[in-house]
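Residues per chain, in single letters:
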Amino acid sequence: RKEVEQDPGPFNVPEGATVAFNCTYSNSASQSFFWYRQDCRKEPKLLMSVYSSGNEDGRFTAQLNRASQYISLLIRDSKLSDSATYLCVVNIPNTGNQFYFGTGTSLTVIP
Amino acid sequence: SQTIHQWPATLVQPVGSPLSLECTVEGTSNPNLYWYRQAAGRGLQLLFYSVGIGQISSEVPQNLSASRPQDRQFILSSKKLLLSDSGFYLCACNRGRNEKLFFGSGTQLSVL
């Protein structure tokens, strides 16, 4: 069983749409959670950390549900520049690997 | 904030040739350093991590090795490349083991 699972998509949405991604994790000892954005052939870049109380950064909102062991990312008013792959990342302390990455969800925003 | 320098950006190597990828970090001291590989259409796989000079932990058995000769230098090597070594190699760092990761710009390695 994978530590982190994401719907790979692709999600194709029109400009201005709202889109949501979910990610589930299997280890209840997971402590920290992150969303990264990765453009084609580029390195992943931190989009936002995910806090227990939920957090918002402009058009982006992240939520954490520890009981159901999933995190979500909501993008409002999608822009063409939001087209990328979004990686869900979970940190499990005291494990060698420490960071577990989802395979990513592909988003294409269409004009 | 830290800056991660990774080079080269792209590399084409024949099977059986050696490999050396270098990563250096600026703007922080005593970072945790990581080498990841991302195969086409797949998630990031941790290859090695290091919490200090000369301290290397390997996550998966493989054809590669890593070294950390200086605090902010991390090197990924191979004596003889295999076709299966092709992929996107990323160096990353963080200050604490539970803190968010920052990545270098990556090296796209093609073994032919």
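Residues numbered from 1 in each chain as written. Chains lettered and ligands numbered in written order. Predicted model: local features only at pLDDT ≥ 70, side-chain atom pairs only at ≥ 80, totals over all residues. Heavy atoms only, no water.

Draft legend 1. Up close: the pairing of strand β5 (residues 45–50) of chain A. Residue and element names in this part refer to chain A. Note: strand β4 (residues 32–38) against β5, five bridges, orientation antiparallel. Residue pairing for β5: Trp35 is matched across the bridge by Met48. With antiparallel pairing between neighbouring strands as the criterion, β4 and β5 make up a hairpin whose turn holds six residues, including Arg41 at a positive phi of roughly 60 degrees. (Pairing = 2+ DSSP bridges. Helix = DSSP H or I, 4+ residues; strand = E, 2+ residues; numbered from the N terminus.)

Draft legend 2. Quick look at the side chain of Asn32 of chain B. Residue and element names in this part refer to chain B. Along the chain, the position of Asn32 falls in strand β4 (residues 32–38). Polar contacts involving the side chain of Asn32 include one to the main-chain carbonyl oxygen of Arg95, which spans 3.3 Å. Setting aside chain neighbours within four positions, we find Asn32 in contact with Ser50, Val51, Arg68, Ala92, Cys93, Asn94, Arg95, Gly96 and Arg97. (Polar contact = N/O pair within 3.5 Å; in protein donor to acceptor, adjacent residues only side chain to side chain. Contact = heavy atoms within 4.5 Å.)

Draft legend 3. Quick peek at the nonpolar core. Within the largest apolar cluster, 25 residues are counted, with the highest numbers of intra-cluster contacts made by Phe21, Trp35, Ile71, Leu73, Ile75, Tyr86 and Leu107 of chain A. At the level of secondary structure, the elements contributing two or more residues to this core comprise β3 (19–25), β4, β5, β7 (60–65), β8 (70–75), β9 (84–91) and β11 (105–110) of chain A. Within the second largest apolar cluster, 20 residues are counted, among which are Cys23, Ala66, Phe74 and Val111 of chain B. (Core = buried A, V, L, I, M, F, W, Y, C linked by side-chain atoms within 4.5 Å. Buried < 20%, exposed > 50% of the residue type's maximum accessible area, 1.4 Å probe, protein only.)

Draft legend 4. Summary view of the pairing of strand β11 (residues 107–111) of chain B. Residues and elements named next belong to chain B. Here β11 shows a clear split, with Thr107, Leu109 and Val111 buried on one side and none of Gln108 and Ser110 buried on the other. Where strand β2 (residues 10–13) and β11 come together, four bridges link them in parallel fashion. Paired with Thr10 across the strands is Gln108, a residue of β11. Strand direction decides the pairing type here: strand β9 (residues 87–94) and β11, joined by three bridges, are antiparallel. Considered in β11, the bridge of Phe88 is made with Gln108.

Draft legend 5. Local environment of the state of the cysteines. According to the stated counting rule, one finds two disulfides over all chains in the structure shown. Sulfur-sulfur distance for the disulfide between Cys23 of chain A and Cys88 of chain A comes to 1.9 Å. Because the torsion about its S-S bond is -70 degrees, the bridge between Cys23 of chain A and Cys88 of chain A counts as left-handed. Remark: Cys88 of chain A occurs in strand β9 and Cys23 of chain A occurs in strand β3; sequence separation between them is 65 residues. Judged by its relative accessible area of 0%, Cys23 of chain A falls in the buried class. Across the disulfide, Cys23 of chain B is cross-linked to Cys91 of chain B (sulfur-sulfur distance 1.9 Å). The chirality of the disulfide connecting Cys23 of chain B with Cys91 of chain B is left-handed, given an S-S dihedral of about -70 degrees. Within this pair, whereas Cys23 of chain B is found in strand β3 (residues 19–26), its partner Cys91 of chain B is found in strand β9, the two being separated by 68 residues in sequence. Neither Cys23 of chain B nor Cys91 of chain B differs from the other in exposure class; each is buried. (Disulfide = S-S within 2.5 Å.)

It is worth stressing that arrangement in space is one thing and function is another; only the former is reported here.
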